[in-house]
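# Summary of the model geometry
Here's the letter readout for the chains.
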Amino acid sequence: MLDVKVLLKVRKEAIESIKKDSEGEFIGKWYNRIFFYILWYILPLIGVSVVIYKGIKLTNLENYIGASIALFTGLFFSLLLSLGDKLRTEKANVNVDTNNYNKFKENMRQISRITQFIILKGILIFVLLLINSLVKTSDYLCVENILTAIAIYILIQYTISIGFLLQRFHHTMKDELNNTI
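This one's a predicted model, so the numbers in the text were calculated from it and none came from an experiment. (Residues numbered from 1 in each chain as written. Predicted model: local features only at pLDDT ≥ 70, side-chain atom pairs only at ≥ 80, totals over all residues. Heavy atoms only, no water.)

### Structural notes on the overall build of the chain
Applicable threshold: The numbering of helices and of strands both runs from the N terminus, where a helix is a DSSP run of H or I of at least 4 residues and a strand a run of E of at least 2. Burial classification: accessible surface area is computed with a 1.4 Å probe over protein chains only, and a residue below 20% of its type maximum counts as buried, one above 50% as exposed, and the rest as partly exposed. All accessible areas in this document rest on Shrake-Rupley with a 1.4 Å probe, and a residue is counted as covered only by the protein chains that are shown. Counted charges follow a simple rule, with Lys and Arg positive, Asp and Glu negative, and His plus the chain ends left uncounted. Charge coordinates come from a single atom per side chain, which is NZ of Lys, CZ of Arg, CG of Asp or CD of Glu.
If you tally the helices and strands in the chain, you get five helices and zero strands. Ordered by position from the N terminus, the helices and strands of the chain form the series α-α-α-α-α. Each principal axis of the C-alpha distribution contributes one length, and for the chain these read about 65 × 40 × 30 Å. Counting only residues that meet the buried cut, the chain has 34% of its 181 residues in that class. Carbon and sulfur atoms form 65% of the exposed surface of the chain, whose accessible area is close to 11,400 Å². Between the centroid of the 21 positive side chains of the chain and the centroid of its 15 negative side chains there is a distance of 3 Å.

Structure (structure tokens):
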């Protein structure tokens, strides 16, 4: 059975992970929080405003968005499956430094949460594309406009989430490289 509470928990944990550093501590600087809110909420709203102003329809973007979402979501699903192997390999290392391992584990937890969220966003966008294809008529253009606005909002957050995931990978690699020097 599909549990909506779990899906909401995925969202909550991913946003918390986005707001944390490599040690799992929330980044407390005010300008980082403001920058997050601008990226996460204001930028998608600006994107929706542009779409509404220019009269862009989801039908015109379906092929491009569908192909991109399918490609990236598949890649992220593969990444998610490989994270457990990375942790098992690191844990099995007899010369493991406990502090570095805990930092690595925290980074992998954050990457996992953000990746699950990206996959969830990709599925939502796919469902919106499907709904748009099923209900698209010239009689109800407002339905397509609403679906376009929602899809663009989620798509912009999807793209921003990928940026946060890349940032987390950057910090993980930096931590790992510093541990080997």
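Read on, since the account is not over.
### Some details on the packing of helix α1 (residues 4–18) against helix α4 (residues 98–135)
Going by this rule: The convention used is that axes are lines fitted to C-alpha atoms, helices contributing only their stretch in contact, and that angles between N-to-C directions extend from 0 to 180 degrees. Comment on the angle field: the value is read as roughly parallel under 35 degrees, roughly antiparallel over 145, roughly perpendicular from 65 to 115, and oblique elsewhere. Rotating anticlockwise by less than a right angle from the far helix to the near helix defines a left-handed crossing, while the corresponding clockwise rotation defines a right-handed one. Residue contacts follow a heavy-atom distance rule, with two residues in contact if any of their heavy atoms lie within 4.5 Å.
Two elements in contact, α1 and α4, have axes whose closest approach is 8 Å; the angle formed by their N-to-C orientations is 130°. With respect to α4, the axis of α1 lies oblique. Here α1 and α4 pass one another in a crossing that is left-handed. Residues L7, V10, R11, E13, A14, S17 and I18 of α1 form the contact with α4, whose own contacting residues are Q110, R113, I114, Q116, F117 and L120.

### Details of the layout of surface pockets
Note the following rule: Put plainly, a pocket is an open set of points on a 1 Å grid over the protein atoms alone with protein on both sides within 12 Å along at least five of seven lines, a cavity is a set where a 1.4 Å probe fits but cannot get out, and a lining residue has an atom within 4 Å of a point. Grid points are joined across faces, edges and corners, and a volume is the space filled by probe spheres set on the points. Side-chain classes follow a simple rule in which Ala, Val, Leu, Ile, Met, Phe, Trp, Tyr, Cys and Pro form the nonpolar group, Asp, Glu, Lys and Arg form the charged group, and the remainder, Gly included, forms the polar group.
Approximately 380 Å³ is the volume attributed to the largest pocket. Every residue lining the largest pocket is counted, 19 residues in all, and those nearest its centre are I18, K19, I27, N32 and Q167. Elements with a minimum of two residues in the lining of the largest pocket: α2 (30–54) and α5 (141–180). It is α5 that contributes the most residues to the lining of the largest pocket, six residues altogether. Residues that form the lining of the largest pocket fall into these classes: seven nonpolar, four polar and eight charged. Roughly 170 Å³ of internal volume is contained in the second largest pocket. Lining the second largest pocket we find L7, L8, R11, F117, L120, K121, L124, Y153, I154 and Q157. Mapped by element, the contributors of at least two residues to the lining of the second largest pocket are α1, α4 and α5. Of all the elements, α4 adds the most residues to the lining of the second largest pocket, at four residues.

### With respect to a nonpolar patch on the surface
Condition: Patch membership needs two things, relative accessible area over 30% and no salt bridge, and members are linked within 9 Å if like-charged or within 5 Å if nonpolar (Val, Leu, Ile, Met, Phe, Trp, Tyr). Counted as salt bridges are all cases of a side-chain nitrogen of Lys or Arg within 4 Å of a carboxyl oxygen of Asp or Glu.
Taken together, W30, Y31, I34, I38, I42, L43, L45, I46 and V50 make up a surface patch of nonpolar side chains, about 860 Å² in accessible area. By the secondary structure assignment, L43 is in helix α2. On the basis of relative accessible area, L43 is assigned to the partly exposed category, the value being 37%.

### Structural notes on the nonpolar core
To keep things clear, this is the line we draw: What we call a nonpolar core is a set of buried Ala, Val, Leu, Ile, Met, Phe, Trp, Tyr and Cys residues that are connected through their side-chain atoms within 4.5 Å.
W40, F76, I125 and Y158 are the most contacted members of the largest nonpolar core, which has 35 residues in total. Those elements that place two or more of their residues in this core are α1, α2, α3 (58–92), α4 and α5. Once residues within four sequence positions are removed from consideration, W40 is found in contact with R11, I15, I18, F117, Y153, Q157, I160, S161 and F164.

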